[in-house]
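Given next are the chains, with one letter for each unit.
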Amino acid sequence: MAGRAQIPSKNSALIAMIADEDTVTGFLLAGVGNVDLRRKTNYLVVDSKTTVKAIEDAFKEFTAKEDIAIVLISQYVANMIRFLVDSYNKPVPAILEIPSKDHPYDPAHDSVLSRVKYLFSAESVASGRR
Amino acid sequence: MEGQDQTRGDEAQQEKQKQEAEDENVLQFLDSADTFLTLMDSLSSTLRQGWLELASARHSMGASRISSALFDLKLHSAATSLQVTQHDVGSMVKRPHFTLHKWSFPDDETCCSEEAKFNEDKLQKNANSPQLRHRGTSQFSELLEKSPTSDGSSLKIDNQIQKERSKSLSMFGTLVSPKLRAAQLSFETALETLIVIANMRSSMISAFDQIQKEMEDIKQ
């Protein structure tokens, strides 16, 4: 992922979010909300009615946009599209898996940590932090 | 004879430098991974606080006054954004570095880069020693007050930040619960932590890639 490819500098890059309503509300209060000319937002609120296809489409859209530098995704939502998240390997936008109210963060499922864990014991990543 | 000794000496020196570089990569990886996990714990606590404050605000204001139906869908730019720059690790490896720009803060390079670095260092130190936050300010505002700028400019910047905060809160009405303001500060702190996490993640991946490359070279 970190490699020889040039990383273009960006000013005013956005933070995208794929998370539950409360998490999105909180970060919108912190000023990260953006609505463009086509009325497209930089977030997707995930609830019980949101389909996996909609989440996949949002993930693909946010990771393809050049003005987005970080994508925040609740870990339980990332688990629904785990194959897509794990196969993503570009340095920007960075994908950060975050906890949600009902689903605490699990390092064992984190896309980056699960890739690097073989460098040390797999047990120490998951159990050492509890 | 002397030439052979010198060549052996040079080779030993190169081998030693290579070993030191490998050790440095391993240390960087372990350090980044440890800080990443510690900051994720800190983020979890901050988010829990934010969700609790949001729930309290919803309880006092009413569920219909804080819902996704009220999100601003008119054309507007994000008040809080990021700057992405390229960080060169050695001569070949490049990785991204993220800097948070909050509340349309003036893009004064000296101001922002010094404070961002100061902020990042402080958050990394706080990763091992969590402190109580002062009510009414986020960690960023506290650092702003302590940063080496004149009193006049700090006050002006602080006023501007408060205006931006109020504008963001106005999505949910003119009169909002103090809990909603507290939730806003919690999520601002969470955002600051997330940017440090993003940089740690980037450092960890970079070190991991270097180590993997060294392991492949050894196998060959």
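As the structure is a prediction and not an experimental result, all values here were calculated from the model.

Engineer: Just give me the short version of the overall build of chain A, but keep the residues and values in it.
Structural biologist: Assigned secondary structure in chain A consists of six helices and four strands. Helices and strands in chain A line up, N terminus first, as β-α-β-α-β-α-α-β-α-α. Burial statistics for chain A: of 130 residues in total, 55% are counted as buried. Counted over contacts in chain A with a minimum sequence separation of 6, partners at least 24 positions apart contribute 64%. Just so you have it, chain A exposes about 6,000 Å², and 53% of that area is on carbon and sulfur atoms.

Engineer: Describe the environment of Glu214(B), naming the residues involved and giving the relevant values.
Structural biologist: On the secondary structure map, Glu214(B) appears in helix 5 (residues 178-219). Beyond its immediate chain neighbours, meaning those up to four positions away, Glu214(B) contacts Glu22(B) and Asn25(B).

Engineer: Explain the interface of chain B and chain A residue by residue, including any values.
Structural biologist: It is common to give the size of an interface as the accessible area that goes away when the parts come together. Contact with chain B, which involves 65 residues of that partner, is made by 60 residues of chain A. Taken together, both faces of the contact between chain B and chain A bury some 5,300 Å²; the carbon and sulfur share is 68%. The tally of links between chain B and chain A comes to one salt bridge. Here Arg58(B) ties to Asp22(A) by a salt bridge, and the two come within 2.9 Å at their closest N and O atoms. For the pair chain B and chain A, the number of links is 16 residue pairs in polar contact (both at pLDDT 80 or more). Listing elements by their share of the side of chain B that touches chain A, those giving two or more residues are helix 1 (2-61), strand 1 (81-89), strand 2 (93-101), helix 4 (151-169) and helix 5 of chain B. If you tally residues by element for the side of chain B that touches chain A, the top one is helix 5 of chain B, at 20 residues. The residue inventory of the side of chain B that touches chain A, partitioned by class, reads 39 nonpolar, 15 polar and 11 charged.

Engineer: So what about the confidence of the model for chain A? Which residues, and what values?
Structural biologist: Counting all residues, the mean pLDDT for chain A is 88, and 87% of those residues have values of 70 or more. Segment residues 123-130 of chain A is flagged for pLDDT under 50; beyond a separation of four residues in sequence, or across chains, it makes 11 contacts in the model.

Quick notes on the rules
Residues numbered from 1 in each chain as written. Chains lettered and ligands numbered in written order. Predicted model: local features only at pLDDT ≥ 70, side-chain atom pairs only at ≥ 80, totals over all residues. Heavy atoms only, no water. Helix = DSSP H or I, 4+ residues; strand = E, 2+ residues; numbered from the N terminus. Buried < 20%, exposed > 50% of the residue type's maximum accessible area, 1.4 Å probe, protein only. Contact = heavy atoms within 4.5 Å. Areas by Shrake-Rupley, 256 points an atom, 1.4 Å probe, with all protein chains shown as cover. Buried area = accessible area lost by both parts, 1.4 Å probe. Salt bridge = Lys/Arg side-chain N within 4 Å of Asp/Glu carboxyl O. Polar contact = N/O pair within 3.5 Å; in protein donor to acceptor, adjacent residues only side chain to side chain. Nonpolar A, V, L, I, M, F, W, Y, C, P; charged D, E, K, R; others polar. pLDDT = per-residue confidence, 0-100.

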